[in-house]
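Spelled out, the chains give:
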Amino acid sequence: MKMYVILPLWALFTVTQQKVPSDNCHCELISSEKPFPYDKLKKAQASALSCTNTITSQKTSALDSLLLGLNRRLPQLEHDVAMLEKEDDGTLYGALSLHIIENELTEIQQMIDTLNSTTTESKHLSENMAQQLENIKEEMDELEKFDTMQVVKRQQANQRLKRDLDQCRNNGVHPPIPPTQPTGRTCPHGRFLNITGPRVQTAGEYAGSYKYGAWGRDPKPEPGKESWHWRVMLTSSNRYAHYVRLYSSLSSLIVGISVPGNVQIHPSNPTTNTIQGPNVVLYAGALYYNCYNKDAVCRFNLTSKTVTSIDLPKGTRYNSKGDFCHLEECYPYTDLDLATDESGVWVVYTTTQDFGNLLLSKVEESEPPKLGKTWRTSVYKRSVTNTFMACGVLYATRYVNKNMEEIFYSFDTMTGKENFNVGIFINKVSSDILSLNYSPVDQMLHAYCDAQMVSYKVLFELMDSNFPY
């Protein structure tokens, strides 16, 4: 706070002349104003900074995630108890159903315990912050008394006047800007209704090996490769890969016969432009993935064996600083998630300036490829376990238990509408789904689950093309 004081000379100084030799003059300066307490101002600034650093979006998001999880788990528990009662034969309950309910009760109790401790911590934090803010307010009121020329009040009045003037100009002189008209969506399937399956479950030729990876089909294959399937396994430290494995058909993939075989990005692993993380997709004969040790998307052309990269916005989190997570675990090096749908390739990520909320960008098919339009969402990325795209709509999943995953969220890129209540469940074959991608070729959802390749059929409800999600 800068304050300028202009007073008459007689109000500021008392000048006394002492009798000294004729060639010397000694003056004594006495200020009638109190010195400004800079130490109090620094203390107030430090307190304000402490409040800012203490209250973070991560803490509030963690509480929201717990509440959302309980909101889903309790109705599921009621359903399972009802099923158990139906299985009662008069003398014995179904042992399997009882075992499932016991596990659910244990997990729900753990969530409640975590919620209670988090709530208590939040309550104490709120009380402390309220007291600190009250203290800061009192200190600032005291400091404002030193503004004898009312500079601060005049600045505040000028700011209000400027704001009112801007509103007047925007509303009174310039006509309102019409909203951007959304482009039409090409989606012949209709509204996303449900998921059935699993339809396919196989470990391929590496049973039990390579827990992390991805697999699927090319939505825009080259001629003669329409039935080809691909697989990427993180062969180094469950984090890195340097080749893509191709199969001439789904049957070949299931039995583990790789023809035409591996297409290598680089002989070394890891190194510049090799694969980092399991979220990989193949589109139009090119592999898209998170470049090794970079906040960028790499595109590897399988025919020319060339790699081009697409830089993401400044502040993008990478190297396992913005992973997919659930309450008990985060999936390493899942900062970037690549996805395909009917329109092309998308990338899901987060940035520091967006406080960890999920961002979605379209990858433009150009030479070289570039980042297109970006959408911001209000869902916290670390509360999500996976994402995929279908017909221009982003879907996000979360962990329910070791047998169930829920598609709980959607974001429509055409309307900007968010839905936190999708409520579609995925029956899992193992605890973790480490990558998830939709194939518009056959409307299948491809999941990589703890070294197993699993697919689910996506069901759509046929209706008008401008359907809501």
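- As named in an unreviewed UniProt entry, the chain is Olfactomedin-like domain-containing protein, taken from Ilyodon furcidens.
- According to the UniProt record, the Subcellular location (unreviewed entry) comment for the chain reads "Secreted".

Comments concerning the overall build of the chain
Consideration 1: Tallying secondary structure elements over the chain gives 6 helices and 25 strands in all.
Consideration 2: Counting all 469 residues of the chain, 41% fall into the buried class.
Consideration 3: Sequence separation of 24 or more characterises 55% of the internal contacts of the chain that already satisfy a separation of 6 or more.

As for the pattern of salt bridges
Consideration 1: In total, this model carries 10 salt bridges according to the counting rule given.
Consideration 2: Close ionic contact of Arg398 with Glu406 constitutes a salt bridge, the shortest N to O distance being 3.0 Å.
Consideration 3: Salt bridges here are not isolated pairs; linked through shared partners, they connect Glu205, Arg231 and Arg245.

Re the packing of aromatic side chains
Consideration 1: Per the counting criterion, the structure on display carries 11 aromatic pairs.
Consideration 2: For the ring pair Phe192 and Tyr395, a centre distance of 4.7 Å and an interplane angle of 65° mean the geometry is edge-to-face. In this pair, Phe192 is assigned in strand E1 (residues 191-202) and Tyr395 in strand E19 (residues 393-401), connecting sequence segments 203 residues apart.
Consideration 3: Looking at Phe192, the relative accessible area reads 6%, which means it is buried.
Consideration 4: Judged by centre distance (5.5 Å) and plane angle (85°), the ring pair of Tyr240 and Tyr292 falls under edge-to-face. Of this pair, Tyr240 sits in strand E4 (residues 240-241) while Tyr292 sits in the loop between strand E9 (286-290) and strand E10 (296-301), and the two are 52 residues apart along the sequence.
Consideration 5: What makes Tyr240 buried here is its relative accessible area of 12%.
Consideration 6: Across the ring face of Trp346, the terminal group of Lys362 is positioned such that the distance to the ring centre comes to 5.3 Å.
Consideration 7: Above the plane of the ring of Phe324 lies Lys381, whose end atom (NZ or CZ) is 3.9 Å from the centre.

Notes on unusual backbone geometry
Consideration 1: The residue after Gly197, namely Pro198, is reached through a cis peptide bond having omega 15°.
Consideration 2: Tracing the chain through its elements places Pro198 in strand E1.
Consideration 3: The linkage connecting Val259 with the following residue, Pro260, adopts the cis geometry, with an omega of 20°.
Consideration 4: Position of Pro260 among the secondary structure elements: in strand E6 (residues 260-264).

What to know about the state of the cysteines
Consideration 1: Counted under the stated rule, the structure contains 2 disulfides.
Consideration 2: Note on cysteine connectivity: Cys291 is disulfide-linked to Cys298, with sulfurs 2.1 Å apart. Its S-S torsion of approximately 120° makes the covalent link between Cys291 and Cys298 right-handed.
Consideration 3: Taking relative accessible area as the criterion, Cys291 reaches 0% and is therefore assigned buried.
Consideration 4: One disulfide in the model links Cys325 with Cys330; its S-S distance is 1.9 Å. Disulfide Cys325-Cys330: the torsion about the S-S bond is 100°, which places it as right-handed.

Section: the sheet that holds strand E16 (residues 357-364)
Consideration 1: Taken together, the 4 strands give an open sheet; going across it, the order is E14-E15-E16-E17, and neighbouring strands pair in antiparallel fashion. Every other strand in the sheet has two partners, leaving strand E14 (337-341) and strand E17 (370-380) as the edge strands with one partner each. Taken pair by pair, the neighbouring strands of this sheet meet at an average axis angle of 25°, ignoring direction.
Consideration 2: When E14 meets strand E15 (residues 344-349), the two strands line up antiparallel, connected through 5 bridges. Across the sheet, Leu338 pairs through a bridge with Val347, a residue of E15.

Here we look at empty space enclosed by the protein
Consideration 1: For the structure on display, the rule yields 1 cavity of 30 Å³ or more.
Consideration 2: Approximately 40 Å³ is the volume found for the largest cavity.
Consideration 3: In terms of lining residues, the largest cavity is bounded by Ala214, Trp215, Asn279, Val280, Asp337, Leu338, Ser435, Leu436, Asn437 and His446.
Consideration 4: Among the elements of the structure, strand E2 (213-217), E14 and strand E23 (435-439) are those that each provide at least two residues to the lining of the largest cavity.
Consideration 5: Sorting elements by how many residues they give to the lining of the largest cavity places E23 first, with 3 residues.
Consideration 6: A per-class count over the lining of the largest cavity returns 5 nonpolar, 4 polar and 1 charged.

A closer look at the environment of Thr377
Consideration 1: Summarising the element assignment, Thr377 is placed in strand E17.
Consideration 2: For Thr377, a relative accessible area of 8% gives the class buried.
Consideration 3: When the C-alpha atoms of Thr377 and Thr350 are compared, they prove to be 10.0 Å apart, with 27 residues separating the residues in sequence.
Consideration 4: When near neighbours in sequence (up to four residues on either side) are disregarded, Thr377 contacts Asn357, Leu358, Tyr409, Phe411 and Glu418.
Consideration 5: A polar contact of 2.8 Å, which involves the side chain of Thr377, links it to the backbone oxygen of Leu358.

Some remarks on the pairing of strand E3 (residues 229-233)
Consideration 1: Most of E3 is tucked away, with 5 of its 5 residues classed as buried.
Consideration 2: The two faces of E3 match: His229, Arg231 and Met233 on one face and Trp230 and Val232 on the other face are all buried.
Consideration 3: Alignment of E3 against strand E5 (residues 243-247), held across 3 bridges, turns out to be antiparallel. Within E5, the position partnered with Arg231 by the bridge is Arg245.

Topic: the confidence of the model for the chain
Consideration 1: Residue-level pLDDT values for the chain average 80, and 77% of them are 70 or greater.
Consideration 2: With pLDDT under 50 throughout, residues 173-184 is counted as low confidence; its partners more than four residues away or in other chains account for 5 contacts.
Consideration 3: Here residues 464-469 is a poorly scored stretch, pLDDT under 50, and it has 14 contacts once near neighbours within four places are set aside; other chains count.

As for the sheet that holds E3
In sheet architecture, strand pairing relies on hydrogen bonds along the backbone and comes in two forms, parallel and antiparallel.
Consideration 1: Read across the open sheet, the 4 strands follow the order E2-E3-E5-E6; overall the sheet is antiparallel. This sheet does not close on itself; its edge strands, each paired only once, are E2 and E6. The average angle at which neighbouring strand axes cross in this sheet is 20°, direction not considered.
Consideration 2: Note that E5 and E6 share 5 bridges and pair antiparallel. Of the residues in E6, the one forming a bridge with Arg245 is Asn262.

Criteria and thresholds
- Residues numbered from 1 in each chain as written.
- Predicted model: local features only at pLDDT ≥ 70, side-chain atom pairs only at ≥ 80, totals over all residues.
- Heavy atoms only, no water.
- UniProt positions renumbered as here; feature names shortened; annotations may be inferred.
- Helix = DSSP H or I, 4+ residues; strand = E, 2+ residues; numbered from the N terminus.
- Buried < 20%, exposed > 50% of the residue type's maximum accessible area, 1.4 Å probe, protein only.
- Contact = heavy atoms within 4.5 Å.
- Salt bridge = Lys/Arg side-chain N within 4 Å of Asp/Glu carboxyl O.
- Phe/Tyr/Trp six-rings, centres within 6.5 Å; stacked < 30°, edge-to-face > 60°.
- Lys NZ or Arg CZ within 6 Å of the ring centre and 35° of its normal.
- Disulfide = S-S within 2.5 Å.
- Pairing = 2+ DSSP bridges.
- Axes fitted to C-alpha atoms, helices over the stretch in contact; angles between N-to-C directions.
- 1 Å grid on protein atoms, 1.4 Å probe; cavity = no way out; pocket = protein on both sides within 12 Å on 5 of 7 lines; lining within 4 Å.
- Points joined across faces, edges and corners; volume = space filled by probe spheres on them.
- Nonpolar A, V, L, I, M, F, W, Y, C, P; charged D, E, K, R; others polar.
- Polar contact = N/O pair within 3.5 Å; in protein donor to acceptor, adjacent residues only side chain to side chain.
- pLDDT = per-residue confidence, 0-100.

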